[in-house]
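Chain residues, written in single-letter form:
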Amino acid sequence: MKNRSNVWTVGLPARYVRADGSVDTARLKAEVSIVEIAAEATDLKRVGSEMRGLCPFHQEKRSSFSVNEDKGVYHCFGCAQHGDAIDLLSRIHKVDFLEACRRLVGAEHAGLKRAAVRKQDAATRAANRGRARDEWRRATASEGTIVETYLMGRGIGHSVPGSIRYGRTPRYWREDGAEGPRHPAMIAAAQDAQGRIVGIQRTYLDHEGRKMRGGSPRLSLGRVRGAALRLGPVAPRIMLASAVEDALSLRLMFPGVAVWAAFGDANLRHVEVPRGIWHVTVCGDADESGRAAVAATREALGGRGIVTDELFPRAGKDFNEEWLLLHA
């Protein structure tokens, strides 16, 4: 077999090197914990679905540094620094991109994310699943709400399935169990392979039906990893997209086809496909990260005996942009 490594990837295990000799950053980032990296530089506390602490890059007295394990990103609301696990380690240790990659696959960060960091303790996970189910039950149909306004603005507000609702929901719960202020949001149901609602994704909106500014507009609650938003039933063939808006766009592009969403590239390859599905069209953004996520997903599904093919937008970066361009 031809050695895929080159001078730029020396020191990296072969599985992190693509056929063209470049670093497979999507795979590398999927197998490390950004929270563990951030914890080397600052003390972190859980706030909702994120970890918060003092920013390691500027002096401050109030915690404005946020780390999201599910998305694999960090952001400081004080100095506006943001990025992924590779960028974070590079900034903390003041090393270049390739050295950061080498350190990420070193002994202190090798293998899968440590369970103690990656997962909440059982009691907290159970509480959040209960909260997710409670928020889902409190939510109402999207018709006539700002969720409909938001989706109509994206050209995808027609006949929205019942797996998407409107609700006023907290962004966080304090350690004593008290909830934070409630804000309007689009609530998408995360269903496991058995069809049970095990979590929700909240997209927070302002009073005009636009994504809320200030903090992440999307937050998950309960279990989202491995789950999917179902815009159609279990069928022999389905389409699997990354984002909710892309899935809604594909549903309009391909009437009658069952389309599901994975709540992000990081979860795409982890979606648990139930029995009865034998063919999945994996749909991704037309950029490097989107194509990498699709490739990883096809590999994972193929290992489970599922036939796959792939689809990328021909106009625009993602399927919602393509839908808007084609129907402007």
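Scroll up to find the structure.
Let us look at the structure shown here. This is a predicted model, so every value here is computed, not measured. (Residues numbered from 1 in each chain as written. Predicted model: local features only at pLDDT ≥ 70, side-chain atom pairs only at ≥ 80, totals over all residues. Heavy atoms only, no water.)

**Some words on the overall build of the protein**
Working step 1: For the protein, the count of helices and strands is 11 helices and 15 strands.
Working step 2: Taking the principal axes of its C-alpha atoms as reference, the protein extends roughly 55 × 55 × 40 Å.
Working step 3: A burial count over the protein gives 49% of its 328 residues as buried.
Working step 4: Long-range pairs, those at least 24 residues apart, make up 56% of the contacts in the protein with a sequence separation of at least 6.
Working step 5: When the accessible surface of the protein is totalled, it reaches about 16200 Å², and 52% of it is carbon and sulfur.
Working step 6: Across the protein, the centroid of the 50 positively charged side chains sits 4 Å from that of the 39 negatively charged ones. (Helix = DSSP H or I, 4+ residues; strand = E, 2+ residues; numbered from the N terminus. Buried < 20%, exposed > 50% of the residue type's maximum accessible area, 1.4 Å probe, protein only. Contact = heavy atoms within 4.5 Å. Areas by Shrake-Rupley, 256 points an atom, 1.4 Å probe, with all protein chains shown as cover. Lys, Arg positive; Asp, Glu negative; His and termini not counted. Charge placed at Lys NZ, Arg CZ, Asp CG, Glu CD.)

**Notes on the state of the cysteines**
Working step 1: With the rule as written, the count across this model stands at 0 disulfides.
Working step 2: Take Cys79: it sits in no disulfide, and the sulfur closest to it among the cysteines is that of Cys76, at 3.6 Å. (Disulfide = S-S within 2.5 Å.)

**Some words on the nonpolar core**
Working step 1: The biggest cluster of nonpolar side chains holds 29 residues, and the ones touching the most others in it are Leu151, Ile164, Met186, Leu229 and Val244.
Working step 2: Contributing elements (two or more residues each) for this core: helix H7 (146-153), strand E7 (164-170), strand E8 (182-191), strand E12 (237-241), helix H8 (244-253), strand E13 (258-261) and helix H11 (319-326).
Working step 3: Once residues lying within four places of it in the same chain are set aside, the contact partners of Leu151 are Ile156, Gly157, Val160, Met186 and Leu248.
Working step 4: Within the second largest apolar cluster, 27 residues are counted, among which are Val17, Ile37, Met51 and Cys101. (Core = buried A, V, L, I, M, F, W, Y, C linked by side-chain atoms within 4.5 Å.)

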